[in-house]
Amino acid sequence: APLMDTVPPQVVPGADPSARQLCFAWGPAEVLVCETLFGRAGGSRSRAGTAARALTGSVAGTGEGAPSSSRVFVVRRDQDIYIQTLRKLFNESHGIFMGLQRSEEELAGKSRKAQLVQVSKNYRSVIRACMEDMHQAAVSTRDPALQGQYSTQVSILSAMELIWNLCEILFVEAAAAGPLLLRLLDWVRLHVCDVDSMVREVLSSESPSKHKLFWNVVDVFVLQGRMDEARHLLSKEASANPTSMNMYKILDDLMKKMPVPSLGNTQTLTELELKWQHWHEECQRYLQDGTFASNPHMESICKILLGDEDAILEKKELMTTWYHFLVTRLLYSHPTVKPLELRFYAQSSMDLFLGGESSPEPLDMILMAAFEFEMHQVIKECSIVLSNWWFVAHLTDLLDHCKLLQSHNLYFGSNMREFLLLEYASGLFSHHSLWQLGVDYFDHCPEYGRVYLELHIERIPLSTEQKALKVLRICEQRQMHEQVRSICKIMAMKALRNNRLGSALSWSIRAKDAAFATLISDRFLKDYCERGCFSDLDLIDNLGPSMLLSDRLTFLGKYREFHRLYGEKRFPEAARLLLTLMTAHIAPCSFWMTLLTDALPLLEQKEVIFSAEQTYELMRCLEDLTAGNPDKQKFQDDDVETTKVEMLRLALARNLARVIVKEGTVEGS
Amino acid sequence: AMEDVSAKFVSQKISRTRWRPLPAAALQSPDLFATGSWDNEDNRVSIWSAGDLGNAGLNGEYHGEPHLLCDIQHNGDVMDMQFLDQERIVVASSTGTVTIFRHHQNNQTLSANHRWEKAHYHVDQDTSCGGAACTGVVCNNPEIVTVGEDGRINLFRADQKDAVRTIDNADSSTLHAVTFLRTTEILTVNSIGQLKIWDLRQQRNEPSQIFSLAGDRVPLHCVDRHPNQQHIVATGGQDGMLSIWDIRQGTMPVSLLNAHEAEMWEVHFHPSDPDHLFTCSEDGSLWHWDTSTSVSEKPSFLHQGGRSTAYLSHSTINQSVVSAWLSNDPTKDRMEITNLIPNQTLSVNSLDVLGPCLVYGTDAEAIYVNRQLFA
């Protein structure tokens, strides 16, 4: 079934659709909800909507103001992302997630299963560690509001771990009849902690057997199948009552002899069932012949051993939950329960335990779905109830690696695993700091991960160059050329705005952005024309191969080289370079006038520098410029330009005269 | 070995980790370190105790995770950080501000001791915006040198309100890091692959020497100088390459060593055992470069992580000083390289080594302390 079809409506606290019509816009991870100016014609003013619970959305910020002004609400889809203490959970589980993606699929049968169970345990230990931190925080804070918040988080984390653990037993490990019961017992022992303080109190008292809660603790041990502990306690009571020693011995013997499934292959299920039948009959005999009649406590224990439902239900308070009742019931009446039989016992246990007094809560429904092996139901219910995507995303991914979800395709998106990972990662990306974690999750969504990453990564604010470099690295590693260009362009623009031409150029060189390199080169040249000197020589002198990125950059580099040669008084080389810049069309036409003006001092040198041929070429350049220029008008109007052209013509003519004389003399002699 | 490493998830991305320097002639191991965070809505400078020393076993084994002593809010990303002395720490901010924080050890608090607002800036220092990230800071008490995205170099004195000297537009590209070469000379690296020496005694606003990488001008992100042989300088680049420079000769690196797969964020010679060098990178690895085995047949002590052996390539001959880092004898050129973090995925932004201790911080919001680097 599709996931979203039955998600209950969500209410944005503070927004009142009955008073104002609302409009909204989807964002990558948030929804903007806005109050419009339109009232609701004839609509009732009752705030009917506010009674429902907002389950996964939270209002991150509301606009203040009088009722008449419109407000904008930012609705985030994953509110737990913003809980500081949970960042440990997100970061640590990211490492486990990555390990799982890397893990060897080829590992065969048993070792693969062991590996997956280990991964599952690692996830759970992170949840537990986080729970402990949260508990510590709750204990150490003095702010009652914060304390309440932390306590809520502790119970949410604890529920998450409870569900995860059950899924681990049933789906990941897929324990078979026999070991299944042992696992479920461990599960109950680990999670039913309400009685722990009572047990501690009794055990630490001076003489436990005199404690008023003594029998309660014995019962707790029996109900949880902790036989050795129960027997140990009973032996204390026995030594205090020598008269009923025999009765104690018998009960102790029964408890000792109780057959339990073994984890190894030492006995077959049939063997176990036989032994168990035998033992069951023995218990029955003692109960019937009234061995324990004189002690109601022991009689009740014997009844529990026999799996008497009423006797077990009497201890409801000590079990606290229906799933504890279920496991106790299985232990004493169906120790070899098969996985697929669980659903019947689970349903009846819940019915018996709740007895129509209270209706099942969401957690009960989730556990029930697990016992029914309705994996998708578990994930769906969790998605609705929990205020984060972390849980369902990671659990689903693990189940997918167990090859349990293959057949399930959604009518939207790709498959459920990917859908949930995308949701979770989008939440991470909406966080100012956790976005880096999101990248790896997108990487492991084969269908839409790339598109999501492309959309999200462009929205990361690039506050410093260092951060930009990190974002850039992510894009470069994934050949996201479009994003690489866009990031470099943003950074280059920023640098340009800050008058950091050097930095701007490095960014466009990194993106191999020829157009932008040209733009920046033009800025350099413009600066030069205005100031008469180059800025950022350290950069321009060190362009290296990157000079070839754009023609204008090449020209900039070469033009600077001309200045260097000129500065070093290497005039013939400088002259040759200057001429080449024009004849090889490296220089933009708009710059020719500047170049020709640069030739003036060379023409005026005492020594003749331009050869006759070179001088002709210079003349041709000048004529091309003045004749071919469509802005001919401009030259005629501009006095300065006209004077320049006249001066150049004169200098060229003079040079030509000098060079003819010189060349004639040299060749003639 | 990895089992000696204690980790702590701190719910903030760590940009810098620094050991508090030990008093002269101290014999004990460093016990306190500082961290700075980045990319948070609320960034912090924090002081940590490396762990309860009382819990250290007789044979020096050490357990227990780092423990927060105090922290203080910091405006902007912490870009760099350096202890000025035992009590004061200089912090460079992405807002361009440089702050000295004082750690009060009697009541475990941090307070801002002095602040140079917008020591680095674009266009105009007085406008409300326009701060440029201060990318690097180095201290030689009482002197403090900072560099930034604005290509500016500032020289401060801890006791003076105004900058002692500022070189505007010292570099046309971004300056990424700075370190002292000698008391009056500094080294900077920039985003076009250049290493520059600046003599602060000279009034000229030009570097006294420029070295650069050949070919593509790969940006350099970090620089460190050999603690005993000052002519040996190590830099790390955007391509993860480690370059060793001999600043007495040439303008190009003596050797280029293939290292990380992404930006090398920090490089540090071990301050008292400079045969060892440590580098960390955006690719999530932290490498230990060990040249000590090249001289003697000392057995290697680190067995974790991927190991490879590299050979130095040389462009120069006739070394006058025998250093493992510049040595050109092929039989001695073996170098043990060990990745101290296998399977890490997110960037290791910073590391610091002191005595037998290593501390590093990551974008995965964890800090790690290894107290037995050479055990």
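Residues numbered from 1 in each chain as written. Chains lettered and ligands numbered in written order. Predicted model: local features only at pLDDT ≥ 70, side-chain atom pairs only at ≥ 80, totals over all residues. Heavy atoms only, no water.

Chain B has the name NUP43 protein in an unreviewed UniProt entry, where Chaetorhynchus papuensis is given as its organism. Its UniProt record gives chain B a comment under Subcellular location (unreviewed entry), which states: "Nucleus". (UniProt positions renumbered as here; feature names shortened; annotations may be inferred.)

In the nomenclature of an unreviewed UniProt entry, chain A corresponds to Nuclear pore complex protein Nup85 from the organism Chaetorhynchus papuensis. The UniProt entry for chain A carries the following text under Subunit (unreviewed entry): "Component of the nuclear pore complex (NPC)." Taken verbatim from the UniProt record of chain A, the Subcellular location (unreviewed entry) comment is "Nucleus, Nuclear pore complex".

Chemist: Could you clarify how one ought to interpret the pattern of salt bridges in this entry?
Modeler: Pairing is possible between side chains that carry opposite charge, provided their charged atoms lie close to one another. Per the counting criterion, the structure on display carries 54 salt bridges over all chains. Its salt-bridge partner being A:Arg87, residue B:Glu365 comes within 2.5 Å of it at the nearest N-O pair. Within this pair, whereas B:Glu365 is found in the loop between strand S28 (357–362) and strand S29 (366–370), its partner A:Arg87 is found in helix H1 (residues 87–102), the two belonging to separate chains. A residue is classified by how much of its surface remains accessible, and A:Arg87, at 2% relative accessible area, is buried. Here B:Arg201 and B:Asp199 are joined by a salt bridge, their closest N and O atoms 2.9 Å apart. Each of A:Arg124, A:Arg128, A:Glu161 and A:Glu168 takes part in salt bridges that share partners, so that together they form one network. (Salt bridge = Lys/Arg side-chain N within 4 Å of Asp/Glu carboxyl O. Helix = DSSP H or I, 4+ residues; strand = E, 2+ residues; numbered from the N terminus. Buried < 20%, exposed > 50% of the residue type's maximum accessible area, 1.4 Å probe, protein only.)

Chemist: Which parts of the structure should I look at to understand the UniProt feature "repeat: WD" (unreviewed entry) in chain B?
Modeler: UniProt records the feature "repeat: WD" (unreviewed entry) at residues 213–255 and 257–299 of chain B, using the numbering of this structure. Annotated as 0% helix and 42% strand, the span residues 213–255 of chain B places its first and last C-alpha atoms 11 Å apart.

Chemist: Just to check I follow, could you spell out the side chain of A:Glu418 for this structure?
Modeler: Residues and elements named next belong to chain A. Mapped onto the elements, Glu-418 comes out in helix H18 (residues 416–430). We note that Glu-418 is buried and unpaired, the nearest opposite charge coming from Arg-417 at a distance of 5.2 Å. For Glu-418, the side chain forms a polar contact with the main-chain nitrogen of Tyr-448, separated by 2.5 Å. In contact with Glu-418, not counting residues within four places along its chain, are Cys-445, Pro-446, Glu-447, Tyr-448 and Gly-449. (Lys, Arg positive; Asp, Glu negative; His and termini not counted. Polar contact = N/O pair within 3.5 Å; in protein donor to acceptor, adjacent residues only side chain to side chain. Contact = heavy atoms within 4.5 Å.)

Chemist: How should the domain arrangement of chain A be read in this particular structure?
Modeler: Interfaces are often sized by the amount of accessible area the parts lose when they come together. All names here are of chain A. According to the domain assignment, chain A consists of domain 1 (187–337), domain 2 (464–568) and domain 3 (588–668). A separation of 32 Å is found between the C-alpha centroids of domain 2 and domain 3. In this assembly, nine residues from domain 2 lie in contact with eight residues from domain 3. Carbon and sulfur atoms supply 78% of the area buried between domain 2 and domain 3, which totals about 680 Å² over both sides. Linking domain 2 with domain 3 are one residue pair in polar contact (both at pLDDT 80 or more). (Domains from an automatic or database assignment. Buried area = accessible area lost by both parts, 1.4 Å probe.)

Chemist: Can you help me understand the interface of chain A and chain B in this one?
Modeler: Contacts between the two partners involve 38 residues from chain A, matched on the other side by 47 residues from chain B. In total, about 3500 Å² of surface goes out of reach between chain A and chain B, with carbon and sulfur atoms giving 44% of it. The largest share of the area that chain A buries against chain B comes from A:Lys470, A:Arg473 and A:Arg500, three residues that together contribute 18% of it. On the surface where chain A and chain B come into contact, there are five salt bridges. The closest approach of N and O atoms between A:Lys470 and B:Glu282, which form a salt bridge, is 2.9 Å. Taken together, chain A and chain B are joined by 30 residue pairs in polar contact (both at pLDDT 80 or more). Of all the secondary-structure elements, those providing two or more residues to the side of chain A that touches chain B are H1, helix H19 (435–443), helix H21 (465–477), helix H23 (501–510) and helix H25 (537–540) of chain A. Among the elements that line the side of chain A that touches chain B, the one with the most residues is H1(A), at seven residues.

Chemist: Explain the packing of aromatic side chains here, please?
Modeler: Given two aromatic rings, one states the distance between the centres and the angle between the planes to describe the pair. Within the structure shown, the criterion is met by 31 aromatic pairs over all chains. Ring centres 6.1 Å apart and planes at 10 degrees place the aromatic pair A:Tyr559 and A:Phe562 in the stacked group. Placement of the pair is A:Tyr559 and A:Phe562 together in helix H26 (residues 551–567), with a separation of three residues, close to one helical turn. Accessibility assignment for this pair places A:Tyr559 and A:Phe562 in one class, buried. Ring geometry for B:Phe33 versus B:Trp48: centroids 6.4 Å apart, planes at 15 degrees, classification stacked. Here B:Phe33 is found in strand S3 (residues 32–37), whereas its partner B:Trp48 is found in strand S4 (residues 43–49), with 15 residues between them in sequence. Comparing B:Phe33 with B:Trp48 shows no difference in burial state: the two are buried. Here a set of aromatic residues connected by ring pairs shows up, and it is made of A:Tyr528, A:Phe555, A:Tyr559, A:Phe562, A:Tyr566, A:Phe571 and A:Phe591. (Phe/Tyr/Trp six-rings, centres within 6.5 Å; stacked < 30°, edge-to-face > 60°.)

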